[in-house]
Amino acid sequence: METEEEPLHCLSEQPSSSIELFVSARANYATFTCDSNSISFRDTLIMQPRIYQFSMKNTGDVVLNYSWQIVPENIKGISPAPGEISRTNSAITARTQSARSYCQKVATSMQAPDVDKPFAVSPMAGEIPPGVRENFTVRFAPVEVNEFQSWLLCEIHNANPATVQEPSIVLRGKSIMPHCHFDFEDSDYISRHNPGEDSSSTPLESRTRCFELSSVGMKKKQKHFWIMNPTTEDYFFKWVCDDHAAGEDFRPSFVCDNTSGHLVSGKKLLVVFTYSPQDLGTVESKWKFMILDKEISIPFLLVGHCREPQISFNLSHLKFKPTLVGRKTHETVYLINRESVDFHYTVKRSSCHANASSTKLEISPMEGEIQANTQCPILLSYNPKVSGNASFSLEVVIAHKFKHVAMNVKAASYEMDVQLLCENSQEMKVDLSSLGLNAINLGEVQLMDSCIRKLHIRNVGNYSCKYSWKLVQGKNEIPQTVTELPEMNSADESVAVAKHVLAVAPGYGFVPAGETKEVMMTFQPKKEGKLSHSRLIMEIAEGPTFACQINGRGISPGLDISFTYHNFGPCFVYKAGMPINQVMLKMVNRGYTEISVECLYKNNEFLEVKIPPLLLLPNEGTNVPIRFYPRDCIKYCEKIHFRLNGVLTRTVEIRGEGTEMKVEVLHSKQKVVKFGAIRIGKYIRHVVPIINRSPRSISLNLSVTPLSPELLEEGVMRLRPQGKIELAGNGGKHDVEVYFNPKTRIAPFTEEVMMECAGLSQPLFIVTGSCQGTDIRLDQDHIPFGAIVIRSRTKRRFTMKNIGDIGASFIWDAHRFEPDFTITPVKGYISPGMEIPFEVDFHPAMLSQDIRYEGIKCNVENHPESLSLTLTGMCINAPSLKEIMNFNCVVRGKDNRNILMNNRSNRQWVLRPVIEGDFFTGADTFTVESGQNKTYDIEYRPLLMTNDTKHQGSVFFPLPDGTGLLYNLVGTADAPKSTGSINRDVPCKTSYVELLNVENWLNKPQRFKVTVEMIKPDKLDAGTTLKGMDYIDVPAGARRDYKLKFFAHKEGTFGAKVIFKNEKTSEYMYYYITLRATSPGVISTIELHTAVRRGVSHTITVDNPLPGGVTFYSDCKISDINLPPQIVIPAYSRGSYTFEYQPLKVGDHVGKLMLLSQELGHYTYDLILKAHSCGQEKVSHFTAQLGQSHVITIKFINYARQKTEYSAKFSSPVFSAECKGVTAAPASSSGGTEVTIDVTYEPSQLGQSSGMMTLTSPIGGEYSFPLLGDCVQPKPQGPFTVKKGGFVLIPFKNVFSCVLQYQYRVDNSLFQVKTHETIRPKKTVNIQVSFDGKMRAGSVHTCMLTVVPAKSTSCNPPTWVFYLKGYGPDSCKE
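A.B. asks: So what exactly am I meant to see when it comes to the overall build of the protein here?
C.D. replies: From N to C terminus, the protein includes 2 helices and 109 strands. Its C-alpha radius of gyration of 65 Å places the protein more than 25% over the 34 Å reference for a compact globule of 1374 residues. Reported as C-alpha extents along the three principal axes, the dimensions of the protein are approximately 200 × 115 × 70 Å. Taking all 1374 residues of the protein together, 41% fall into the buried category. Long-range pairs, those at least 24 residues apart, make up 69% of the contacts in the protein between residues at least 6 apart in sequence. Treating the 148 positive side-chain charges of the protein as one cloud and the 142 negative ones as another, the clouds have centres 3 Å apart.

In structure tokens:
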């Protein structure tokens, strides 16, 4: 009984609980019955074995373990004692124990020589399950002449020795010497069939030898055996066949290759019999072996068996599906070989032809080899030439087979009946013939235009047909790329040839029986030319073929383009107001059909093509302006594509170059030309040289437009030359002369000399100076008084101003004011810079529709011209006052009111209303027909807002009868409404400019102050800007775009009110603008590649445009990314952010990295990460003796940031670890943690062995450690000491993986140890060595214990040596 060690286990931390385990076992002895106790063999020729079988049954409840042993009685040197072995059958059982004792003596006698054992039993050892009978075979094969007797003893290991007698069987046999030994084993054919019992044949002798040969088919079989002469004399022999010939044509089934010969004593000779089957079944042949010298004859019976090979088709008959004439169909049958040998086969060619028909079957292959126990596919193809039924009797000839393998094959075929019709240009269908060439004329077709003809395929047959189109150009067939589709719908396929000039769609397809398929033939030429020698052929699968001659001609659309290449050359960078660099591209349709033209070019900021999609009629043309606006100083190259008729493309290439305009004065000190202060009539001249520093030649004009009217007089200030000035590029120069000749007083002035070039006006240099004199002016030279009622008066005021350098006296011509006007003062003196107010009183005495005093003079001392004044007015009767008309609208808006005029007179009224008021307007004349009513419209359009005082005005209608109507006008102008509301979505971190249109509603320039009032939020943060220029100047009645710049670092919604206000008039306009800063998207994509556990770094730069420091926080969901939690970037600085990618597992990953800032928002980066294997770790080397082990501690670095466990796997059983895994602590942020694992190398065979340890963790990844071990011969151990009469225990381990028996040997008889021991795999036993015997007192004895495996296939089996030292009585250990 052996006790199994408890397996490795871990105690659970959970509370323990009791579980009941029921174990049952049964112990018993084995019992049996044996049906034989004595076996006697008949006399046997030497080297001719005989066999006997007996059985033994296990009648017990447990497995019976047995082993047989044959003990001979005639071994030399051993004689059984009388009574040990008896040949009396009745005394066998009584003397079994004596025989076993004799057996043990034979086994322990190691010096006895080996002898031939004529008896053998099989099986020799084993086990018999309960209730099972086991058969045993005893073989008697003597090799010398003698009488033999042996004991067959059975040892049953688990039988009860007290009650059960183990089996013992006596074996007897006698061998005789033959004259000739035949080395083959006789067949039992004679005993099975008794061929001699047939009365018609000669009975067989009892000593007849027999052997059998079997053949599958007509294959020859041979029997080889040796004959040997065991006698001491040579002799001649002969083989004689006793078969009776059936005639001259009789061919024997057996033939001996050497029918006679000479056999030398003690020698042997090879005899060969050949069996050639003549028919199926069994054939017997009688032969005699005759020794001629001794007249000895030995009869032989040769038996041959022949059967047909089991080869056949998998089908007895085959029927093809109905097939179109000309279409080949295929079927596959299988030739099955159920034999264990290969056969050659050949298809009989005559069987491939049908009876009374010219059709035949095609077989592939026609011959070949069919492997044993396989099936060979044979392809049958049938291609009928005529319609009808056919029958074939297919035969296959099998080599060595008597009968052919046959199969009946039937097939049926039919023909196609198809018609082809073509529609002409009048849509009439025309039948096309399959017997000749049909002509189809497509006429003239414009390039890229299409001409379509419909073809109708009509199937009037009973089966579906397949059609296909192809084009033959001349004698060559155009290769097609059309493939057969599995479905009938092939509308998406087409046959296109000659670079897709001619197309048929669908190019192939199916037409069901009784239906018609429509096919479209399209001719679309792509270049000019005639389509000649082109035949379009429609082939019906297994049916007729239709050939069509296609005639057509492609003609050009006839569009003339004036040029295909134009170079603008160097052009100045475009600015508003500059002349446009333009060239006209002329297109003319010279053809006779319409041409559609579409420009595919997308206009951009530097090149513009102004042409809408248009249709050009024959002989119609158009001009296409191409405008070049260079924006930068670079070279430009663009291609403009025009699509004609939707398919043809014409290309025009445009080139140009942008350059800056650089014209300036040669000397910087002459940028300001100073004339000084001169007197009237003086003359002065200055010369200013100018230079062109730009690369392009310039044609320019110089001009000066003074603000002072005195300078505008002819000859006062002039420039020379006055025409165009041509300056060559890169340094061209020219002198400019400036003349100043004042004729009147001119105040100090500063004027700019403007250079006008390419539509751009810019200052070149400045001219300053003055001329002293008198300058007296009236603030107005015309005073309208309007209409007043007779005998009433009104006053108007005006001023006189001396803006000159000298004072003067003045006097009015007072008589010119009479009788309706009076002016005060009439005369006086005005000093320089002085203003004198004048008052004119209007007091008409008579009714008048038009009172006008023109050219009233005022004489001024020393003034070259007198001042003049014009006064106007009208005198009316006092009209009846009607209602007050009120107007109300927003400033710069308008409000309309109307007055109903009723003409009750009998004549037409032509009225000229008089309107007073700055912002009230109406028609100058107004006609009212007699007896009619008509309304007069008055429009109120205020340009100024009203505060406390409203806008006042009146309208007076003078009637033809001298009366009039007067209306008072009162207008209220409210604050303006919003000019517009703008909503925009702008990505964060992107500069955006919003253009706001600003309009000047006055007839004089205005300067607006721009104010941005935030609505939401109240105040912008430091990371958001919304601003533009503080002022914008808009010319009179013009519009300008104001650029409002917006930039936001983070998401949010920003609402503002942008106000444009004239600070002088307080008039303003405003916009509401809402800007939503949306997500900025991905800043960039970062790709990182590295091996696992190998870090790779990447640096991101981030700018801080704010006046204060900014903190960025990082966020990334990928665990393999190591990044600092935050960085701080100082004000107005650029910071770098470095992170590391250190993957732990192989694979590809994608993710996002975000930098978050409260002030600047978030920055998003896409990460594309790829990790590949880093290969193997360092090789670990082990060295151990066989039977011992070597342990090495392997270290590795764990980079996982959390606690994880690595499981260990070994590819070789010689390497192992104490635990199946190892637990690793979390890695630190600066690096990994070191982990160790102990690996044991315990070899089981000598030599080198290799393996691989793989540590795997779902978090930490995978590590591969190559292991290399070297196993050497075990070294001697000891000495182990022992005293006389004592023993010592030596531990020894079976290092192999199987149960082995080890032999123990000592070289000193004083040391005793058991001879052998069976040890289970990987188990350790203690070898007990005793020390005892006769020895002298105080003596010391040594011994070498050798342990070797009992069975080993190695030529150099391992050996373990242990040294022992024994001490005699009263001796001391050294």
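A.B. asks: When you look at the sheet that holds strand E103 (residues 1286–1293) in this model, what are you seeing that I'm missing?
C.D. replies: Hydrogen bonding along the main chain pairs the strands of a sheet, whether they run parallel or antiparallel. Strand order in the open sheet formed by 3 strands is E103-E107-E105, and the pairing between neighbours is antiparallel. With partners counted over all chains shown, the strands left at the sheet margins are E103 and strand E105 (1311–1312), one partner each. Looking at chain direction, E105 and strand E107 (residues 1324–1331) are connected through 2 bridges and run antiparallel. Its bridge partner lying in E107, Phe1311 is registered against Phe1331.

A.B. asks: Sorry if this is basic, but what is going on with the side chain of Glu308 here?
C.D. replies: Among the structural elements, Glu308 can be located in the loop between strand E19 (296–307) and strand E20 (311–313). A polar atom in the side chain of Glu308 sits 3.1 Å from the backbone nitrogen of Phe402. Here Lys403 takes part through its backbone nitrogen, which lies 3.0 Å from a polar atom of the side chain of Glu308. Those residues in contact with Glu308 that lie beyond four places of it in its chain are Val216, Leu280, Glu339, Lys401, Phe402 and Lys403.

A.B. asks: What is the right way to read the environment of Ile1118 from this model?
C.D. replies: Relative to the helices and strands, Ile1118 resides in the loop between strand E88 (1110–1116) and strand E89 (1121–1122). Note on Ile1118: relative accessible area 15%, which makes it buried. In sequence terms Ile1118 and Leu615 are 503 residues apart; their C-alpha atoms lie 61 Å from each other. For Ile1118, the residues in contact, after removing those within four places along its chain, are Val1150, Gly1151, Leu1167 and Leu1169.

A.B. asks: What am I meant to see in the confidence of the model for the protein here?
C.D. replies: Any residue range with low pLDDT should be treated as having predicted coordinates unsuitable for detailed reading. Here the protein averages 83 in pLDDT, and 91% of its residues register 70 or above. Scored below 50 in pLDDT, residues 75–115 makes 56 contacts in the model with residues more than four places away or belonging to other chains.

A.B. asks: Explanation requested: the sheet that holds strand E46 (residues 607–609) in the structure shown.
C.D. replies: Taken in spatial order, the 4 strands make up an open sheet running E42-E44-E48-E46, and their pairing is antiparallel. What marks the edges here is a single partner per strand, and that holds for strand E42 (559–561) and E46. With direction set aside, neighbouring strand axes in the sheet form an average angle of 20°. Across 8 bridges, strand E44 (residues 581–589) lies against strand E48 (residues 621–628) in antiparallel orientation. Its bridge partner lying in E48, Gln582 is registered against Arg627.

A.B. asks: In this structure, what is going on with the pattern of salt bridges? I would like to understand it.
C.D. replies: Side-chain pairs of opposite charge can arise whenever the charged atoms involved come near each other. In total, this model carries 30 salt bridges according to the counting rule given. Residue Lys801 pairs with Glu835 through a salt bridge whose shortest N-O separation is 3.7 Å. With a gap of 34 residues between them, Lys801 in strand E62 (residues 794–802) and Glu835 in strand E66 (residues 835–842) connect regions that are remote in the sequence. Take Lys801: its relative accessible area is 37%, and that puts it in the partly exposed class. Assessed through its relative accessible area of 46%, Glu835 is described here as partly exposed. Glu1242 is the salt-bridge partner of Lys1293, the closest N and O atoms lying 2.3 Å from each other.

A.B. asks: It is not clear to me how the environment of Thr231 should be interpreted in this structure. Could you clarify?
C.D. replies: Mapped onto the secondary structure, Thr231 falls in the loop between strand E13 (221–228) and strand E14 (235–241). Along the backbone, Thr231 and Met177 are 54 residues apart, and their C-alpha atoms lie at a distance of 8.3 Å. When neighbours within four sequence positions are excluded, Thr231 is seen to be in contact with Pro178, His179, Ser265 and Gly266. Within the structure, Thr231 has its side chain in polar contact with the backbone oxygen of Glu233 (distance 3.1 Å).

A.B. asks: Is there a simple way to think about the packing of aromatic side chains in this case?
C.D. replies: In this description, an aromatic ring pair is defined by two values, namely the gap between the centres and the angle between the planes. Enumeration over the complete set of coordinates arrives at 67 aromatic pairs. A centroid spacing of 5.5 Å and a plane angle of 45° characterise the contact between Phe785 and Phe821, whose relative ring orientation is tilted. One end of the pair, Phe785, is in strand E61 (residues 782–789); the other, Phe821, is in strand E64 (residues 821–824), with 36 residues separating them in the sequence. This pair shows no difference in class: Phe785 is buried, exactly as Phe821 is.

A.B. asks: I'm lost on the state of the cysteines in this one. Help?
C.D. replies: Simply put, disulfide is the name for a covalent bond between the sulfur atoms of two cysteines. For the structure shown, the criterion picks out 0 disulfides. We note that Cys210 lacks a disulfide partner, and the nearest cysteine sulfur, in Cys241, lies 14 Å from it. Cys633 provides the cysteine sulfur closest to Cys571, a residue in no disulfide bond, and the two sulfurs are 12 Å apart.

A.B. asks: Please clarify how unusual backbone geometry should be interpreted in this entry.
C.D. replies: The amide bond that connects Ser122 to the next residue, Pro123, takes the cis arrangement and shows omega of -5°. Inspection of the secondary structure assignment puts Pro123 in the loop between strand E6 (119–122) and strand E7 (125–128). Residue Pro1017 follows Lys1016 across a cis peptide bond; omega there is -5°. Note on placement: Pro1017 falls in the loop between strand E80 (1006–1016) and strand E81 (1024–1027). In the Ramachandran plot, His400 falls in the positive-phi region, its phi being about 70° despite a non-glycine side chain. Within the secondary structure, His400 sits in the loop between strand E28 (388–398) and strand E29 (405–414).

A.B. asks: How should I be thinking about the environment of Ile690 in this particular structure?
C.D. replies: Among the structural elements, Ile690 can be located in strand E53 (residues 684–692). For Ile690, a relative accessible area of 0% translates into the label buried. Remark: the alpha-carbon pair of Ile690 and His456, spanning 234 residues in sequence, is separated by 84 Å. The contact partners of Ile690, leaving out residues within four places of it in the chain, are Glu664, Val665, Leu666, Leu727, Gly732, Lys733, His734, Val736 and Leu764.

A.B. asks: Help me out: how do you make sense of the side chain of Glu423 in this one?
C.D. replies: By the element assignment, Glu423 lies in strand E30 (residues 418–423). It is Lys454 that comes nearest to the buried, bridge-free Glu423 among opposite-charge side chains, at 4.9 Å. A distance of 3.0 Å separates the side chain of Glu423 from the side chain of His456, its partner in a polar contact. Not counting residues up to four positions away in its chain, the partners in contact with Glu423 are Met428, Lys429, Arg453, Lys454 and His456.

What counts and what doesn't
Residues numbered from 1 in each chain as written. Predicted model: local features only at pLDDT ≥ 70, side-chain atom pairs only at ≥ 80, totals over all residues. Heavy atoms only, no water. Helix = DSSP H or I, 4+ residues; strand = E, 2+ residues; numbered from the N terminus. Rg over C-alpha atoms; globule rule 2.2 N^0.38 Å. Buried < 20%, exposed > 50% of the residue type's maximum accessible area, 1.4 Å probe, protein only. Contact = heavy atoms within 4.5 Å. Lys, Arg positive; Asp, Glu negative; His and termini not counted. Charge placed at Lys NZ, Arg CZ, Asp CG, Glu CD. Pairing = 2+ DSSP bridges. Polar contact = N/O pair within 3.5 Å; in protein donor to acceptor, adjacent residues only side chain to side chain. pLDDT = per-residue confidence, 0-100. Axes fitted to C-alpha atoms, helices over the stretch in contact; angles between N-to-C directions. Salt bridge = Lys/Arg side-chain N within 4 Å of Asp/Glu carboxyl O. Phe/Tyr/Trp six-rings, centres within 6.5 Å; stacked < 30°, edge-to-face > 60°. Disulfide = S-S within 2.5 Å.

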